[in-house]
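Descriptive analysis of the structure
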Amino acid sequence: MNGAPTLDELVPPDRTLMGPGPSDVHPRVLRSMATPLVGYLDDYCVEIMDDIQEGLRYLFQTDNEHTLAISGTGSAAMETAFANLVEPGETVLVPDNGYFGARMGEIAERAGGEVRTVSAPWGEPLDPAAVEDAFAEHSPAVFGFVHGETSTGVRQTDVSELTRIAHENDAYAIADTVASLGGVEFRTDEWDVDVVYSGSQKCLSAPPGASPITFNDRAMEKVHARETPVRSWYLDLEGIWEYWSDERNYHHTGPISTMYALREALRLVSEEGLEETWERHERVAGALKRGVEAMGIGLNTADEYWLPTLNPVGVPAGVDDGRVIDRLLEEHGIEIVGGLGALEGEIFRVGCMGHSARPANVSQFVSAFGSVLTGEGADVDLEAGAGATANTLGSQ
Ligand SMILES: *Cc1c(COP(=O)(O)O)cnc(C)c1O
């Protein structure tokens, strides 16, 4: 019998989202999603889209005209970048030091690219010298790199150095900022990045489904000059731009509720101030970092490329990481995840992004983490950890 759903079915468990995304959604963003729908060409919808484009230019720190939100998650934005910029037969250079660099390679290959990799160990960023060598060896037309690699918790430093190398070699640079934009400093124009994309459910405190992307004029000239059509109809920028430009022609139905959410999320960034947002992530994640370090556990990354939005916390000796993750979720309602690939069983991945980057969340996490680890027999200093987090938060 199909009865009315009971309350339990309608109310999800209470979670604190401290994994690699989604992060906690801001209540104002949640409320915006209950806004009544309008048609995708309604003047009201057009206003929403204008606001989104303006908010995204601020977020990306760009004047690029071609700045918009892709209907889909971060991977759809990733695919838009490569599908439009890469023509079949062109060489594409991607990193091999993390999970999302590998995804870039898979996507570039589907776009018809000949994929080559530039290496760095998992847990370290690309070294510009290695990128320079890879350009000399492979002469790629397109070079993708990951600004915040979520699988390792590494921030790619020297971004303007990487784009300088690409441009000196007449290539285009694509940056993945899905786990960093709005959480960590990124300057599209100043750092001269041709295409940058992101996601909504990580540092932007919004649900997944509307993903920021920006193309500079140089990249757009390459897109306009393509000899072959983009292999994806849905993600073909020329078609999508018909809807986002002043023409406002139908291409596909704009995901209006998700656009309401993204607009509200971007307003939150503007109200707080972008630099203040970066500063908050660094301060709050810094309290998390000092807490676990005071407990006696290291982060699997050097301070110079620490990524505040994703902390690779070491798994103490003798501890089963899966049990800790399960207990945090079941007993404390806190979601974190384990390591991927080469780092499986070596690290916990603890996110600190968007509305999850709050003092309450990190205090709760550090105490619960210490308590579960102690329960699992790990030799950690629970009180020193919670104390260090509290002191760091209090002293700022
Ligand atoms: C999450 C993530 C993606 C993929 O985004 P989805 O929203 O899961 O499709 C791509 N790159 C990085 C660095 C990410 O963290």
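Just so it is clear, the model here is predicted, and its values are computed rather than measured. (Residues numbered from 1 in each chain as written. Predicted model: local features only at pLDDT ≥ 70, side-chain atom pairs only at ≥ 80, totals over all residues. Heavy atoms only, no water.)

**Focus on the packing of helix α11 (residues 274–295) against helix α14 (residues 382–394)**
Convention followed: Between N-to-C directions, angles cover 0 to 180 degrees, with each direction set by a line fitted to C-alpha atoms, over the stretch in contact for helices. For the purposes of this entry, the term helix denotes a DSSP run of H or I that reaches at least four residues, the term strand denotes a run of E that reaches at least two, and both are numbered from the N terminus. Angles below 35 degrees are treated as roughly parallel, those above 145 as roughly antiparallel, those between 65 and 115 as roughly perpendicular, and all remaining angles as oblique. Handedness of a helix crossing follows the sense of rotation of the near helix relative to the far helix, less than a right angle counterclockwise being left-handed and clockwise being right-handed. Whether two residues are in contact is decided by their heavy atoms: any pair within 4.5 Å suffices.
Running from amino to carboxyl end, α11 crosses α14 at an angle of 155°, the nearest separation of the two axes being 7 Å. It follows that α11 is roughly antiparallel to α14 by the angle criterion. At the point where α11 passes α14, the crossing takes the right-handed sense. Contact residues: α11 offers G286, A287, R290, G291, A294 and M295, while α14 offers L382, A384, G385, A388, T389, T392 and L393.

**Re the packing of helix α3 (residues 43–60) against helix α9 (residues 237–244)**
The line we're drawing: Each residue is assigned to one of three groups, with Ala, Val, Leu, Ile, Met, Phe, Trp, Tyr, Cys and Pro labelled nonpolar, Asp, Glu, Lys and Arg labelled charged, and all others, Gly among them, labelled polar.
At their nearest, the axes of α3 and α9 sit 11 Å apart, and the two run at 115° to each other. Here α3 contributes C45, M49, I52 and Q53 to the contact with α9, which in turn contributes W241, Y243 and W244. Residue composition of the contact of α3 with α9, grouped by class: 6 nonpolar, 1 polar and no charged.

**Concerning the side chain of K289**
Heads up, the rule is: Residue burial is assigned from relative accessible area. The probe radius is 1.4 Å, only protein chains are included, and a residue is buried under 20% of its type maximum, exposed over 50%, and partly exposed in between. Contacts described as polar in this section are N or O atom pairs within 3.5 Å, which, within protein, must combine one atom able to donate a hydrogen with one able to accept it, while residues neighboring in sequence count only if both atoms come from side chains.
Within the element layout of this structure, K289 appears in helix α11. Judged by relative accessible area, K289 falls into the buried class, the value being 7%. Side chain to side chain, K289 and D303 meet in a polar contact 2.8 Å long. Residues in contact with K289, not counting those within four places in the same chain, are L299, D303 and W306.

**Some points on the domain arrangement of the chain**
What counts is decided by this rule: Just so you know, the domain bounds were taken from an automatic or database domain assignment. Buried area: the sum, over both parts, of the accessible surface (1.4 Å probe) that disappears when the two are put together. Salt-bridge detection follows one rule: a side-chain nitrogen of Lys or Arg within 4 Å of a carboxyl oxygen of Asp or Glu.
Parsing the chain into structural domains produces domain 1 (27–271) and domain 2 (274–394). When each unit is reduced to the centre of its C-alpha atoms, the spacing between domain 1 and domain 2 is 29 Å. With 30 residues of domain 1 at the interface, the matching set in domain 2 holds 22 residues. Taken over both partners, the interface formed by domain 1 and domain 2 buries close to 2200 Å², and the fraction arising from carbon and sulfur atoms is 65%. The largest contributions to the domain 1 side of the interface with domain 2 come from W122, G153 and R155, which together make up 20% of the buried area. Note that R187 is salt-bridged to E275, the shortest N-O span being 3.2 Å. Every element with two or more residues in the side of domain 1 that touches domain 2 is listed here: α3, β6 (148–149) and β7 (154–155). Residue composition of the side of domain 1 that touches domain 2, by class: 12 nonpolar, 12 polar and 6 charged.

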